[in-house]
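Analysis of the macromolecular model
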Amino acid sequence: MSLRLGLDLGGTNIKVALVDADRLAEGDGWLVATDTVPTKADLGPEAVTSRMIEIASGYPQAATIGVGVPGVFDKKTGAIELFPNLPGPWKGFPLLAKMTAGLGRSSALINDARAFTLAEGTVGAGRGAHTLVCVTLGTGIGGGVMIEGRVHLGGLGTAGEIAHQIVVPDGPLCGCGNRGCAEPIAKAEAVAARAGKRSIEEVYAAVRAGDEMAVEAVEYAARYLGISLANAVALLAPDRIVIGGGIVQAGDIVIEPIQRALREHLTLVPPASVEVVAASLGPNAGAIGAALA
Ligand SMILES: [Zn+2]
């Protein structure tokens, strides 16, 4: 048995997965345990880190610990550069050093969207793909690229940000500082606002009920996500695209318009050569990917 622990640090919850790496190839029995613990993010970096160390201490059988984090960190030092959705002084916080010192075991950080990609590509809906592009739709839009079984991180670890490709020059301002990225157009909040609804869940319910404004809002977001994915196809020629995040529950209401928008723009490869599928690991994908990191 080669047990690895993964923690997925989110704004509301820390998701936990214990994975037996020796059973990954068998396709079952690899997920040993899962758990969900409140983050209490408002208590700040020190308290959140202590909480993660306490959780990991409950799994002494794990040889390694991976932490999926919702933002950008320095790949060399493991210090946090930007957590856009967690309160407190995270900038410069030496998370990896504190985790390693507190645990006395080998640990690693991975961006949460890249963790999602690693998990879906290894044991989820992306398994067996040669070149995989993953997108997670939620509060923000994360992404990742996996080529021949390895997540492509780039020199700084920032590769795979599908939704920060500019799709509308001088378009709406993005959290990253650019204008016209796909994220501010297609993230949950933007779609809900365009549809005149309070939440993305209300939008999907309205789409099912045939509400024209809701259908138009989803189509609008899908159009720009489709363009981002077509750009990714031009650059990477993936054979599979996995779409995940909370929206997967909405199924074809979301996947189908994105697929249609993508196919409209595929000129260099036969549309049928790029499969678009829903993620299969559910809300534990990030923790599983962190364990595999
Ligand atoms: Zn951006």
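Residues numbered from 1 in each chain as written. Predicted model: local features only at pLDDT ≥ 70, side-chain atom pairs only at ≥ 80, totals over all residues. Heavy atoms only, no water.

**Section: the coordination of the zinc ion**
Every protein donor of the zinc ion is accounted for by H164 (ND1), C174 (SG), C176 (SG) and C181 (SG), and the metal-donor separations fall at 2.0 to 2.4 Å. Counting the intervening residues between successive donors of the zinc ion yields the motif H-x9-C-x1-C-x4-C. Classification of C176 as partly exposed rests on a relative accessible area of 43%. (Donors = N, O, S within 2.8 Å, 3.2 Å for Na, K, Ca; no water. Buried < 20%, exposed > 50% of the residue type's maximum accessible area, 1.4 Å probe, protein only.)

**Overview of the environment of K187**
Locating K187 in the fold gives a position in the loop between α4 (183-186) and α5 (188-195). The exposure class of K187 is partly exposed, given its relative accessible area of 22%. The sequence separation of K187 and I247 amounts to 60 residues, and the corresponding C-alpha distance is 11 Å. Sequence-distant contacts of K187, defined by excluding residues within four places in its chain, comprise G138, T139 and I141. (Helix = DSSP H or I, 4+ residues; strand = E, 2+ residues; numbered from the N terminus. Contact = heavy atoms within 4.5 Å.)

**So, the pattern of salt bridges**
Evaluated as defined, the whole model comprises eleven salt bridges. One network of salt bridges, with partners in common, ties together R23, E26 and D28. (Salt bridge = Lys/Arg side-chain N within 4 Å of Asp/Glu carboxyl O.)

**A short note on the side chain of R105**
Looking at the element boundaries, R105 is found in the loop between α2 (95-103) and β7 (106-111). Lacking a salt bridge, the buried R105 has E54 as its closest oppositely charged neighbour, with an N-O distance of 13 Å. Within the local environment of R105, its side chain forms a polar contact with the backbone oxygen of Y59, the two atoms lying 2.9 Å apart. Not counting residues within four places of it along the chain, the set of residues in contact with R105 comprises A56, S57, Y59, P60, A62, A63, I65 and T100. (Lys, Arg positive; Asp, Glu negative; His and termini not counted. Polar contact = N/O pair within 3.5 Å; in protein donor to acceptor, adjacent residues only side chain to side chain.)

**Describing the side chain of T49**
Among the structural elements, T49 can be located in helix α1 (residues 45-57). When sequence neighbours within four positions are dropped, the list of residues in contact with T49 reads W90, F93, L95, K98 and M99.

**Details of helix α7 (residues 212-236)**
Taking 1.5 Å of rise per residue, 25 residues should cover 36 Å, and α7 covers 35 Å from first to last C-alpha, within 8% of that figure. You can read the cap of α7 off the contacts: a side-chain oxygen lies 2.9 Å from the backbone nitrogen of M213, and it is on D211. Phi turns positive, to about 45 degrees, at A237, one or two residues after α7. (Expected span 1.5 Å × (residues − 1).)

**Some words on the domain arrangement of the protein**
As far as domains go, the protein holds domain 1 (3-115 + 285-292) and domain 2 (127-280). Measuring from the centre of the C-alpha atoms in domain 1 to the corresponding centre in domain 2 gives 25 Å. Taken together, the contact pairs six residues of domain 1 with 14 residues of domain 2. Roughly 750 Å² of surface becomes buried between domain 1 and domain 2 when both sides are summed, with 48% attributable to carbon and sulfur atoms. The largest contributions to the domain 1 side of the interface with domain 2 come from K75, A113 and R114, which together make up 75% of the buried area. Summed over the shared surface of domain 1 and domain 2, the result is one salt bridge. The closest approach of N and O atoms between R114 and E161, which form a salt bridge, is 3.1 Å. In this structure, the connection of domain 1 to domain 2 is made through six residue pairs in polar contact (both at pLDDT 80 or more). Per-class residue counts for the side of domain 1 that touches domain 2 are three nonpolar, one polar and two charged. (Domains from an automatic or database assignment. Buried area = accessible area lost by both parts, 1.4 Å probe. Nonpolar A, V, L, I, M, F, W, Y, C, P; charged D, E, K, R; others polar.)

**Observations concerning the environment of L137**
Residue position: L137 is located in strand β8 (residues 131-137). For the pair L137 and A186, spaced 49 residues apart in sequence, the C-alpha separation works out to 8.3 Å. If we ignore the near neighbours within four places in the chain, the residues touching L137 are L225, I243, G244, G245, G246, I247, V254 and I258.

**Considering the sheet that holds strand β12 (residues 275-278)**
The pairing of strands in a sheet comes from backbone hydrogen bonds and takes either a parallel or an antiparallel form. Spatially, the five strands line up as an open sheet ordered β10-β9-β8-β11-β12, and their pairing is mixed. Strand pairing shows two members of the sheet lacking a second neighbour, β10 (150-151) and β12, which therefore form its edges. Relative to β12, strand β11 (residues 240-245) runs parallel, the two sharing four bridges. Looking at β12, one finds that I241 is bridged to V276. Contacts between helix α8 (residues 252-264) and the sheet are confined to β8, β11 and β12, with β12 contributing the most and set at about 165 degrees to the helix. (Pairing = 2+ DSSP bridges. Axes fitted to C-alpha atoms, helices over the stretch in contact; angles between N-to-C directions.)

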